[in-house]
Amino acid sequence: MNSEIEKTQIASTIVFVKETLKHAEGGHDWFHIERVYKNALLISKNEKVDLLVVSLAALLHDIADSKFYSGDDTIGPKRAADFLKSQQISEEIITHVVHIIENVSFKGGNAFKTFHSKELDVVQDADRLDALGAIGIARTFNYGGFKNRKLYDPSIIPQLDMTPAEYKKSTAPTINHFYEKLLLLRDKMNTETGKKIAQDRHVFMEQFLEQFYAEWEGKK
């Protein structure tokens, strides 16, 4: 991505995303986008991808997360497409970016991708990495607090076979989210770079859970 035009397009997208998400929940705000963008650039160093597509998709992937729009998955892709059209981005790139946004999220882990590309693999790994490790733990409890959910309830068992619709509607305690999503991500990474980083973050989360349960039971 060397052309001045592409650099300008990225800069304009950053301004748009910052403004759009300035009041977003802390786990899905501009800083989340910035981390995913940086993760995507890091992973791209070892992948043969269109860096403009990766950059635009990473920056716009959560421009209207469905969980904040009554589960509507169509708003984000449409808002991204409308913005990109205003920036005179080619129709081919817009279509690719929209396909990535439509397929990047976890959705309970049981949804099949309807689109495949190396660029999607990179952006999906970049987004999933931000759900792992210390940042992933912080984001998970931040969102749980935002939704006024319990930290933990031993009587509520994690559900590992939810449909995308059931996953969206779940009101389970925050600790359950580790088993229903976070601890599953390591084995769903697409790229070698993503897999390597995910492994370290996965171990950190396992250590956190061990400490959490020990404190819960009054053992430490």
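Preceding this paragraph is the structure being described.
Computed from a predicted model, the values in this text were never measured in an experiment.

Enquirer: How should the pattern of salt bridges be read in this particular structure?
Expert: Oppositely charged side chains can pair when the atoms bearing their charge come close. Applying the stated rule across the entire model yields nine salt bridges. Between R186 and D187 there is a salt bridge, and its shortest N-O distance comes to 3.5 Å. Using a relative accessible area of 64% as the deciding quantity, one classes D187 as exposed. What you see here is one network of salt bridges that share partners, running through R35, D130 and R139.

Enquirer: For this particular structure, what's the right way to read unusual backbone geometry?
Expert: Backbone geometry at Q88 places phi at a positive 60°, although glycine is not the residue there. Examined against the element boundaries, Q88 turns out to sit in the loop between helix 4 (75-86) and helix 5 (91-103).

Enquirer: What is the right way to read helix 7 (residues 133-146) from this model?
Expert: Three- or four-residue spacings in an α-helix give side chains the same orientation, since the helix completes a turn every 3.6 residues. Helix length check: helix 7 (14 residues) gives 20 Å between terminal C-alpha atoms against 20 Å at 1.5 Å per residue, within 8%. Of the positions making up helix 7, those classed as buried are G133, G136, I137, R139, T140, Y143 and G144. All buried residues of helix 7 fall inside an arc of 165° around its axis, so they share one side. Looking at the buried residues of helix 7, the elements they touch are helix 2 (30-44), helix 9 (174-180) and helix 10 (192-216).

Criteria and thresholds
- Residues numbered from 1 in each chain as written.
- Predicted model: local features only at pLDDT ≥ 70, side-chain atom pairs only at ≥ 80, totals over all residues.
- Heavy atoms only, no water.
- Salt bridge = Lys/Arg side-chain N within 4 Å of Asp/Glu carboxyl O.
- Buried < 20%, exposed > 50% of the residue type's maximum accessible area, 1.4 Å probe, protein only.
- Helix = DSSP H or I, 4+ residues; strand = E, 2+ residues; numbered from the N terminus.
- Expected span 1.5 Å × (residues − 1).
- Arc of directions from axis to C-beta.
- Contact = heavy atoms within 4.5 Å.

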